[in-house]
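Close look at the chain arrangement
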Amino acid sequence: MYVPQEQSVANEAAPAAPRRPYRLTRRPEERVRVLGGTMDLVRPEEVFHFVTGKLEARQSAIVANHNLHSLYLIGKDHQIGEFYKEADLIEVDSVPLIFWARLVGRASRRFHRCTYLDWRDDFWSLAVEKNWKVFFVGGAPGVADKAIARIHEDYPAARIASHHGYFDVTQGSSENTAVVEAIKAYQPDIVLVGMGMPRQEVWTLENHKVYGPAVTFTVGGAFDYEAGVQLAAPRWMGPMGMEWLFRLMNDPQRLFSRYCVEPWSLVGPACRDVTRALSRRLTEGDPRAAEAARWEQMRARNEAAR
């Protein structure tokens, strides 16, 4: 797997040290297991570097994301578990999850949150620069057209095709075959799948190898937000970990169970996280002290290289 080069995991209050663009080998603490799921602590720019490397090598890849809902689904649907095993890079799409990972000794920071709304402008700027062809599948009929028009207001040169998500996704069905053939004919570099969890993950798992070398992102309601069908939370709420509350207040009937019931199923994995964290502290010492030591070593190397 192609992965980024070394970067600092320093205290957030510390000044940013010069860092190499990307790692060639993964540090053990970058890929972590929290609340029963495996995920990558990467910044958006590292995600796009990974994507660029895959496309230049003409290789397929899946970029998934984890939040509390997906961690709940892993325990309910074996196909979701298989999807995350197949994913090449797993972003963290949940500030509460990042906070929890930090609490149990992982080197997570707010800047490790990666969501479409956070990296939207960086993505479309890069897509235009690289002349990537993007295919979006998802949303109700007509939603993608509105979303594409909105994107073209900001990025007129963006190359985008789409198909709505209201079709029979059963393997071998005529509708699913037609959608996959449309994607193959377009020959996209990027496929954005926005059909909501767990439908988009299962569809990606079953179809991503069929439509040729492309990087597939699961993006949920991204194009609903672009089209104005759903109201996005103010961006300041994201880093504060309060975006879920905004969504719950706007759609309580649909989201009450997700935000107020499902998290209780993660109490067992949370207890195991705490047990492992205490065990590491006893055997390895304070992980934050080790992190500070790594920061000092990196700063010393950077100063010596000047």
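Below, the structure is looked at part by part. These figures come from a predicted structure and were not determined experimentally.

The next thing to look at is the overall build of the protein. Across its full length, the protein carries 13 helices and eight strands. Here the protein holds 306 residues, and 48% of them are scored as buried. Within the protein, counting contacts between residues at least 6 apart in sequence, those at least 24 apart form 72% of the total. Summing over all exposed atoms, the protein offers an accessible surface of approximately 14900 Å²; the carbon and sulfur share of this is 55%.

Take the packing of helix α1 (residues 44-56) against helix α5 (residues 116-130) next. Two numbers describe how α1 lies on α5: the axes approach to 11 Å, and their chain directions differ by 25 degrees. When the axis of α1 is compared with that of α5, the two are roughly parallel. Once α1 is placed against α5, the crossing between them reads as right-handed. Residues Pro44, Phe48, Thr52 and Glu56 of α1 lie in contact with α5, whose contacting residues are Trp119, Asp122, Phe123, Leu126 and Lys130. Residue classes in the contact of α1 with α5 are distributed as five nonpolar, one polar and three charged.

Let's shift gears to the pairing of strand β6 (residues 159-163). Sheet topology note: the strand β5 (residues 133-138)/β6 ladder contains five bridges and is parallel. Across the sheet, Phe136 pairs through a bridge with Ser162, a residue of β6. The handedness of the β5 to β6 crossover, carried by helix α6 (residues 143-154), is right-handed.

This paragraph deals with the sheet that holds β6. If you trace the six strands from one edge of the open sheet to the other, you get β4-β3-β8-β7-β5-β6, paired in parallel fashion. Of all strands in the sheet, those bounded by a partner on one side alone are β4 (89-92) and β6. Going across the sheet, the axis of each strand differs from the next one's by a mean of 20 degrees, ignoring polarity. One ladder, built from four bridges, connects strand β7 (residues 190-194) with strand β8 (residues 215-218); its direction is parallel. Across the sheet, the residue bridging to Val191 is Thr216, located in β8. Strand contacts of helix α3 (residues 78-86): β3 (61-66), β4 and β8, with the helix running at about 120 degrees to β3, the strand carrying the most contacts.

With that settled, consider the packing of aromatic side chains. Under the definition given, this model contains 13 aromatic pairs. Taking the centre distance of 6.2 Å and the plane angle of 20 degrees together, the rings of Trp203 and Tyr211 count as stacked. What makes Trp203 buried here is its relative accessible area of 1%. Through pairs of rings, three or more aromatic residues link up here, namely Phe48, Tyr116, Trp119, Phe123, Trp124, Trp132, Phe136, Phe217 and Phe223. Across from the ring centre of Tyr186, 4.5 Å away, lies the NZ or CZ of Lys133, which sits over that ring.

In this section: the side chain of Asn65. Along the chain, the position of Asn65 falls in strand β3. Judged by relative accessible area, Asn65 falls into the buried class, the value being 7%. Engagement of the side chain of Asn65 in a polar contact is seen with the backbone oxygen of Thr218, the distance being 3.0 Å. When sequence neighbours within four positions are dropped, the list of residues in contact with Asn65 reads Ser70, Tyr84, Ile90, Glu91, Asp93, Met197 and Thr218.

Basis of the calculations
Residues numbered from 1 in each chain as written. Predicted model: local features only at pLDDT ≥ 70, side-chain atom pairs only at ≥ 80, totals over all residues. Heavy atoms only, no water. Helix = DSSP H or I, 4+ residues; strand = E, 2+ residues; numbered from the N terminus. Buried < 20%, exposed > 50% of the residue type's maximum accessible area, 1.4 Å probe, protein only. Contact = heavy atoms within 4.5 Å. Areas by Shrake-Rupley, 256 points an atom, 1.4 Å probe, with all protein chains shown as cover. Axes fitted to C-alpha atoms, helices over the stretch in contact; angles between N-to-C directions. Parallel < 35°, antiparallel > 145°, perpendicular 65-115°, else oblique. Left-handed = near helix turned anticlockwise from the far one by under 90°. Nonpolar A, V, L, I, M, F, W, Y, C, P; charged D, E, K, R; others polar. Pairing = 2+ DSSP bridges. Right-handed = clockwise from strand over helix to strand, strands pointing away. Phe/Tyr/Trp six-rings, centres within 6.5 Å; stacked < 30°, edge-to-face > 60°. Lys NZ or Arg CZ within 6 Å of the ring centre and 35° of its normal. Polar contact = N/O pair within 3.5 Å; in protein donor to acceptor, adjacent residues only side chain to side chain.

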